[in-house]
Amino acid sequence: MSTYRIAIVEDDPDTRRRLVELLQTQAAYTITDRCESVTTGIEVLEQQAPDVLLVDLGLPDGSGIELIRYIRTHALDTLALVISGFHDEHRVFEALEAGAKGYILKHEDDQDVIKSIQTILDGGAPISPAIAKLMLNRFQQPTLKPEAIPEKLTERQIKILKFLSQGFTAKEISEKLSISYYTVTTHIKNIYEKLQVNSRIEALIEAKKIGYLS
Amino acid sequence: MRLMENSAFQMTVLLMVILLCSAAIFLPSRHYHAINDITPTTMAEVSNTSPINVAGSSWQAVELPTDWSHTASNEKTRWYRIVFDAPGQSNTVGVYIPVIAHHAVYYLNGEWLAQTGDIEPRLERHHNAPQWLEFASSRLQPTDNEFLIELRANTASQGLLSPVYIGQSSQLRGAYRFKQFIREDWVQWCTLTMYLIAGVLAIFWVNRRKETVYGVFALAMFIWATHNLNLFVHRIPVSHRLWEAMTMATLGWTVVAILFFDFRFLQKPSPRIETFMLWYSAAGGLFFLIPSTEWILALGYTVWDGCLVFLGSYALVYLMKAYHSEKSFDAWLMMLVGVPILLTGLHDILLVNSLWPRTDGLFIQYSVIPTGLLFGWFLIRRFVQSLNVAEQHADILTEKIEEAQVQLTEQFAHIKDMELKNLLSAERERIMRDMHDGIGGQLLALQSNLNQKSDAWVDPLKAQVKNTLIDFRLVIDSLDPLLNDIPTLLGQMRPRLQSLLDMNGIALKWDIEELPDDQNIGPATALQLMRIVQEAVTNAVKHAHTPWIRLRTYSTTNSLHIEIEDAGKNDHVPQVTLTGRGIENMRHRAESIGAELHFDHSDSGTRVHLKINDAL
């Protein structure tokens, strides 16, 4: 059985200790490193190249989003998961745009935390109503002109996001739309990818505008 | 107006105009009638040599009117003698000669009587002016008075003398004045007017270059007025040769300009004819280079005028085509006006070529009246239409500006409103984050610490902290501008509700309907309705013994509705619990946000119905 090599970047010692203890109880996971800043996080990524990076967003020397972007710009194979406190949806959404694959809620029970990590590693894509609404807003009110946005949501995807924002589960959505559960989750993953593509394009355009790129 | 636009009527009128003009121009008798019983002298004698101071001049009888173009003589000066008896019972005697060309000196009984202006340096031209002489009857003998006329012309073929009226001046003066008015005075005033019109239109055109019709018409008026000078300018400022060249050229140029006006006004150019007219006009300038007046007249009256007949005929055909193809009212009007021009022009060409009595005088100057009136009306109408269109556009523009101003004002107000909302939203978010990071973090840390203790006395504290966190989350959620619609707000609550229900083995039926986007839910309303829902669900879990709970939302006009329904026994509805703290709190919360809370109880379950008024 393969194990996932996990690195944790969390500056709160209690949360960090809890996560370490929790993951150590699972045979599928191996903790490679634990650190508490962006700088040390980058070192871990360069030296250890973990399979999974659990990253907190609020770090003393910057934002965990920098580590997520580092993974993308250096084309690392590391999966970034955001450690989120309650009501961090806005920051989580930024992290998802930057390339994070999912998020776990640190205030959830241990079982739920493990379940969330496993769901993401299994290819799932958790999405709360607030994040679904953020995604809808993002696609429907883009910062660039509509014709400049490379990825747009399909009608089905918009419907799914609306149901998600209203609190429906993926299973309930599949029943309402008379499609399979797998189709719904695939759509959600595709929405994530589109979000990240658009985000990268927008970043490039903005950088070009302000002269960072020739 | 409808009758005027009827084709049959139009053609009838056109035909009548043709007939009337033709009749008016070609039918009147050229015979010189008596004026107030004074018959004109039609018999005279003519001599090529001067009888003054020369005895024995050779006289030949001649009938008046006499036209030198019909004689073979090369003399430019001829003498005419009329012998008459003194008219009875008159103190003043008048001599009225309707037409001469070009210049005359008058002698009575061997004495110089009068002359029509200067002979040197250039012969004055009076070919269009009637002659009037008046003298005392005491200068006459009872019989055999000799009246001599020394007639001079610029060329041997241009001389002309009409019959002569001799009688009481009071009886002849009226006829002379009438003739003078028709032949000269009227033409002078008309010419002056034409120059003024040309000037005004030229100024207009200079300021609006794209309105070529005004420029063309100005040019036509100017050239025609210049041509008219030949009819009343006696003392010409240039040589006879140049004057005749100018007269000849301006006639052709006038017709060309009028045709150009027609083409431009009707917006139907004829490229080939226009090219021909331009060459024709250029050829007109060659008249000024011809060294001989006789050649100017010969070429002008034949070739030049012949082309004018062609152009005039083409113009009528062109207008007829325009009228026929488009039923153009303007084209019909132009034809009406074109007929007099064509017929008077034809008359004048016949006249100058001696195919029509030259004593008739030229007529084409009179066709300027209908031409000027019609084209003037066209231009005024066009100008007024342009003004009307400009006014309409200005009105539309003013309307649009006013609309735009209103929109701008509304948008500005909206922007200000949005800015305020954004400011409030940003401030709420800031408070939310501060609370989340501060109090929230501390509560979580406390919960984490307590969860590590297993003592029994810690359990109530754990429950209290958990409830505090639940309520804290409600407060944080209510402040989040992202959760400003009920479905998303309830969706955000679902995990916590689900967790509670899962723990108690109760299924959750999530029956959330999409609600209108423009929900008017502020933080206070959001917080209270979340607390109501939380309380209702908690109540149902505690007391209903229900296998499921349904959460439903829907909208009606201006109102939003939330229903929490269960299928349990009616345990929590005894009278005492109607006024229980939980229910009482819910009522109080509903009242605080202007909502209505209803409880429907039956044996099959309970439904809590919250109606939020003015939420849309």
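Here the structure is shown first, and the text comes after it.
Below is a short write-up of the structure. (Residues numbered from 1 in each chain as written. Chains lettered and ligands numbered in written order. Predicted model: local features only at pLDDT ≥ 70, side-chain atom pairs only at ≥ 80, totals over all residues. Heavy atoms only, no water.)

Details of the overall build of chain B
Looking only at helices and strands, one finds 13 helices and 17 strands in chain B. Per-residue burial over chain B gives 48% buried out of 616 residues. Within chain B, contacts between residues separated by at least 24 positions form 75% of all contacts whose residues are at least 6 apart in sequence. Surface accessibility of chain B: about 30,900 Å² in total, with carbon and sulfur atoms responsible for 59%. (Helix = DSSP H or I, 4+ residues; strand = E, 2+ residues; numbered from the N terminus. Buried < 20%, exposed > 50% of the residue type's maximum accessible area, 1.4 Å probe, protein only. Contact = heavy atoms within 4.5 Å. Areas by Shrake-Rupley, 256 points an atom, 1.4 Å probe, with all protein chains shown as cover.)

Quick notes on the interface of chain B and chain A
Opposite the 27 residues of chain B that make contact, chain A presents 22 residues. Summed over both sides, the interface of chain B with chain A buries roughly 2,100 Å², with 52% coming from carbon and sulfur. Inspection of the chain B/chain A interface yields three salt bridges. Taking the shortest distance from any N to any O, the salt bridge between Arg494 of chain B and Glu172 of chain A comes out at 2.6 Å. Inspection of the region where chain B meets chain A yields six residue pairs in polar contact (both at pLDDT 80 or more). When residues of the side of chain B that touches chain A are assigned to their parent elements, the largest contribution, seven residues, is made by helix H8 (residues 368–451) of chain B. When grouped by side-chain class, the residues that make up the side of chain B that touches chain A number eleven nonpolar, seven polar and nine charged. (Buried area = accessible area lost by both parts, 1.4 Å probe. Salt bridge = Lys/Arg side-chain N within 4 Å of Asp/Glu carboxyl O. Polar contact = N/O pair within 3.5 Å; in protein donor to acceptor, adjacent residues only side chain to side chain. Nonpolar A, V, L, I, M, F, W, Y, C, P; charged D, E, K, R; others polar.)

Things to note about the sheet that holds strand E16 (residues 595–602) of chain B
All names here are of chain B. The strand order E13-E14-E15-E17-E16 describes an open sheet built from five strands, whose pairing is mixed. Looking at strand neighbours, the two that pair on one side only are strand E13 (507–512) and E16, the edges of this open sheet. Averaged over all neighbouring strand pairs, the angle between strand axes comes to 15°, with direction disregarded. (Pairing = 2+ DSSP bridges. Axes fitted to C-alpha atoms, helices over the stretch in contact; angles between N-to-C directions.)

A closer look at the environment of Trp548 of chain B
Along the chain, Trp548 of chain B turns up in strand E14 (residues 548–556). Leave out the neighbours within four places in its chain, and Trp548 of chain B touches Ile506, Ala507, Lys509, Glu565, Asp566 and Ala567 of chain B.

Here's the deal with the packing of helix H10 (residues 486–503) of chain B against helix H11 (residues 523–544) of chain B
All names here are of chain B. Two numbers describe how H10 lies on H11: the axes approach to 11 Å, and their chain directions differ by 30°. Between H10 and H11, the angle falls in the class roughly parallel. For H10 against H11, the interelement crossing comes out right-handed. Between H10, through Ile486, Leu489, Leu490, Met493, Leu497, Leu500 and Leu501, and H11, the contact on the second element is made entirely by Ala526, Leu529, Met530, Val533, Gln534, Val537, Thr538 and Val541. When the residues that make up the contact of H10 with H11 are grouped by side-chain class, the tally is 13 nonpolar, two polar and no charged. (Parallel < 35°, antiparallel > 145°, perpendicular 65-115°, else oblique. Left-handed = near helix turned anticlockwise from the far one by under 90°.)

A closer look at the sheet that holds strand E5 (residues 92–97) of chain B
Residue and element names in this part refer to chain B. Spatially, E9-E5-E12 is the arrangement adopted by the three strands of the open sheet, whose pairing is antiparallel. On the outer flanks of this sheet lie strand E9 (131–136) and strand E12 (165–168), each paired with one strand and no other. Strand-to-strand twist across the sheet, computed as the mean angle between neighbouring axes with direction ignored, equals 20°. Where E5 and E12 come together, four bridges link them in antiparallel fashion. Residue pairing in the sheet places Tyr96 in a bridge with Tyr165 of E12.

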